[in-house]
Amino acid sequence: MDRRSLIQRAGIAGVLASGIAPAVHAQAAVRWRLASSFPKSLDTIFGSAEVMSKTVKELSGGKFEISVHAGGELMPAFGVVDAIQNGTIEMAQTAPYYFTGKDSIFAFGCAVPFGLNARQMDAWMEHGNGRKLMDAFYAKYNIKSYSAGNTTTQMGGWFRKEIKTVADLKGLKMRMGGGLFGEAMAKLGVVAQNMPAGEVYQALEKGTLDATEFVGPYDDEKLGFNKVAPYYAYPGWWEGGAELEFFVNTKAFNALSAENKAILEAATNVAARDMTAKYDALNPIALKRLVAAKTKLMPFSKEIMDAGFKASMEVFAEHEAKSPEFKKIHQDMRAFQRDQILWSRFSEFRYDSYMASVKV
């Protein structure tokens, strides 16, 4: 007698009594909440959380749902780590370097000055020691992490005046996303301000800020920074490849079934790839629109880049002297970076340099 016939004849009670489980098993519905640090208007970054949520629901047939809430809806944009740690929410989407006030190590989960680019960051996190090292650190905060996508190399920000030399930076009040960049810029005379993206426009308009950095052309255009700060600098040497993260409360994660854990991991992978690809597709078009609207592109001079590098290396050395864990993660990242730079000389760098010199 085959399995189907047995089930039809014996009924469910008989099947259970015989020790033969039916193929379709009941699984309790799971309902989570995710708090983002970003506004809904940013369909790139915030959109990554929406893609993840949609994918989880579809893969689970609606049995696993994650409601997504923009910064400020459930809690302040920078309150998500406390909420995850305390179990107030099950999941968050944020930039880890927002939380360097708690510990400077958070920066390595997102971006550090003169750090990894987008592909290198992905490689270090998923096939180097990056994810392992960061999750060991995040465990102190009841956090497990997944990539939410990478912005790729960011622009250097919007300035109300032209910046030509290091001297032009002294006394400048600049909004910065967080992390070790602010410490490096402080060595160059910049007064760092950390505030949510939604508050920056008015601060620039009123003159309480002289400059801001955020992401790149597509996001920055949406936030209207070009209307109040006409000079657009590049490159963002403090964010060569900024990774956004999904933070998951470890207790909530451990309570998931094996199937739902696999669904969550698959959905975060889908969302991360989609976000990075979206930036690559949309930034060039947005940059052309900004230039047409009289934005003045402003490359950072070699003097400024060299001063930024020197200041950044001093900051890293200071933190290494205070924290063996910081030193361990930083040195691991740099060793990985050296190999990546070596390989790039024979692959992307050589190819991209040539393609930039010819007309296609």
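Further up the page is the structure itself.
Quick word on the overall build of the protein chain
Summing up its helical and strand segments, the protein chain has 13 helices and eleven strands in all. Seen along its three principal axes, the alpha-carbon backbone of the protein chain occupies a region of about 85 × 45 × 45 Å. Taking all contacts inside the protein chain whose residues are at least 6 apart in sequence as the whole, residues at least 24 apart take part in 77%. For the protein chain, the separation between the mean place of its 43 positive charges and that of its 39 negative charges on side chains is 2 Å.

Considerations on the packing of helix α11 (residues 302-322) against helix α12 (residues 324-346)
As a packed pair, α11 and α12 sit with axes 6 Å apart at the nearest point and diverge in direction by 135°. One element, α11, and the other, α12, form an angle in the oblique class. Two packed elements cross with a definite hand, and for α11 against α12 that hand is left-handed. Residues Met313, Phe316, His319, Glu320 and Lys322 of α11 form the contact with α12, whose own contacting residues are Pro324, Phe326, Lys327, His330, Gln331 and Arg334.

Considerations on the nonpolar core
If you look at the biggest cluster of nonpolar residues, it comprises 106 residues, and the most contacted ones within it are Trp32, Met52, Phe159 and Leu264. Examining the composition of this core, we find that seven residues originate from one element, helix α10 (residues 258-292), more than from any other.

Concerning a nonpolar patch on the surface
Taken together, Tyr234, Val291 and Leu297 make up a surface patch of nonpolar side chains, about 230 Å² in accessible area. Here Tyr234 shows up in strand β9 (residues 231-234).

Here's the deal with helix α5 (residues 130-138)
Among the nine residues that make up α5, seven are buried, leaving the element largely enclosed by the rest of the structure. Buried within α5 are the following residues: Gly130, Arg131, Leu133, Met134, Asp135, Phe137 and Tyr138. Summarising the contacts, the buried residues of α5 are in contact with α4 (118-127), β4 (143-150), β10 (243-249) and α12.

Observations concerning the packing of aromatic side chains
Under the definition given, this model contains 23 aromatic pairs. Counting every residue linked through ring pairs, the aromatic cluster contains Phe38, Phe78, Tyr97, Tyr98, Phe99, Phe106, Phe137, Tyr138, Tyr141 and Phe247. Over the ring of Phe253 we find Lys144; its NZ or CZ atom is 5.2 Å from the centre of that ring. Just above the ring of Phe316 sits the side chain of Arg334; from NZ or CZ to the centre is 4.9 Å.

Observations concerning the sheet that holds strand β11 (residues 296-299)
Spatially, β7-β6-β8-β5-β9-β11 is the arrangement adopted by the six strands of the open sheet, whose pairing is mixed. Both outer strands of the open sheet, β7 (191-193) and β11, are each paired with one neighbouring strand and no more.

A short note on the environment of Leu188
Relative to the helices and strands, Leu188 resides in the loop between α6 (181-187) and β7. For the pair Leu188 and Ile304, spaced 116 residues apart in the sequence, the C-alpha separation amounts to 9.1 Å. Those residues in contact with Leu188 that lie beyond four places of it in its chain are Val166, Leu169, Lys170, Ala307, Gly308 and Ala311.

Quick notes on the sheet that holds strand β1 (residues 30-36)
Pairing is mixed in the open sheet, where five strands are placed in the order β2-β1-β3-β10-β4. Each end of this open sheet is capped by a strand with a single partner; those strands are β2 (64-69) and β4. The mean angle between the axes of side-by-side strands here comes to 25°, regardless of whether they run parallel or antiparallel. Sheet topology note: the β1/β2 ladder contains six bridges and is parallel. Counterpart to Leu34 in the pairing with β2 is Val68. With respect to the sheet, α5 is in contact with β4 and β10, its orientation differing from that of β4 by roughly 130°.

Considerations on unusual backbone geometry
Residue Tyr234 is joined to Pro235 through a cis peptide bond whose omega torsion reads -5°. Summarising the element assignment, Pro235 is placed in the loop between β9 and β10. Of note in this structure, Phe114 is not a glycine but carries a positive phi near 55°. Checked against the element boundaries, Phe114 lands in the loop between β3 (91-94) and α4. For Phe114, a relative accessible area of 18% translates into the label buried. Positive phi, normally seen in glycine, also occurs at Lys294, with a value near 80°.

Topic: the pairing of β3
A regular strand places its side chains so that they alternate between the two faces of the sheet. Across the two faces of β3 the burial is the same, with Met91 and Gln93 and Ala92 and Thr94 all buried. One ladder, built from four bridges, connects β3 with β10; its direction is antiparallel. Note on β10: the bridge partner recorded for Ala92 is Phe247.

Quick word on the packing of α4 against α12
At a minimum axis distance of 11 Å, the contact between α4 and α12 shows a crossing angle of 125°. Looking at the two axes, α4 sits oblique to α12. Of the two elements, α4 crosses α12, and the hand of that crossing is right-handed. Seen from α4, the contacting residues are Gln120, Ala123 and Trp124; seen from α12, they are Ile329, Asp332, Met333, Phe336, Gln340 and Ile341. Its residues assigned to classes, the contact of α4 with α12 shows six nonpolar, two polar and one charged.

Regarding the pattern of salt bridges
For the structure on display, the rule yields 20 salt bridges. Of the charged contacts in the structure, one is a salt bridge between Lys102 and Asp82, with a shortest N-O distance of 2.6 Å. With a gap of 20 residues between them, Lys102 in the loop between β3 and α4 and Asp82 in helix α3 (residues 80-86) connect regions that are remote in the sequence. Residue classification places Asp82 among the partly exposed residues on the basis of a relative accessible area of 34%. A salt bridge links Asp210 to Lys173; its shortest N-O distance comes to 3.5 Å.

Criteria and thresholds
Residues numbered from 1 in each chain as written. Predicted model: local features only at pLDDT ≥ 70, side-chain atom pairs only at ≥ 80, totals over all residues. Heavy atoms only, no water. Helix = DSSP H or I, 4+ residues; strand = E, 2+ residues; numbered from the N terminus. Contact = heavy atoms within 4.5 Å. Lys, Arg positive; Asp, Glu negative; His and termini not counted. Charge placed at Lys NZ, Arg CZ, Asp CG, Glu CD. Axes fitted to C-alpha atoms, helices over the stretch in contact; angles between N-to-C directions. Parallel < 35°, antiparallel > 145°, perpendicular 65-115°, else oblique. Left-handed = near helix turned anticlockwise from the far one by under 90°. Core = buried A, V, L, I, M, F, W, Y, C linked by side-chain atoms within 4.5 Å. Buried < 20%, exposed > 50% of the residue type's maximum accessible area, 1.4 Å probe, protein only. Patch = residues over 30% accessible without salt bridge, like charges linked within 9 Å, V, L, I, M, F, W, Y side chains within 5 Å. Areas by Shrake-Rupley, 256 points an atom, 1.4 Å probe, with all protein chains shown as cover. Salt bridge = Lys/Arg side-chain N within 4 Å of Asp/Glu carboxyl O. Phe/Tyr/Trp six-rings, centres within 6.5 Å; stacked < 30°, edge-to-face > 60°. Lys NZ or Arg CZ within 6 Å of the ring centre and 35° of its normal. Pairing = 2+ DSSP bridges. Nonpolar A, V, L, I, M, F, W, Y, C, P; charged D, E, K, R; others polar.

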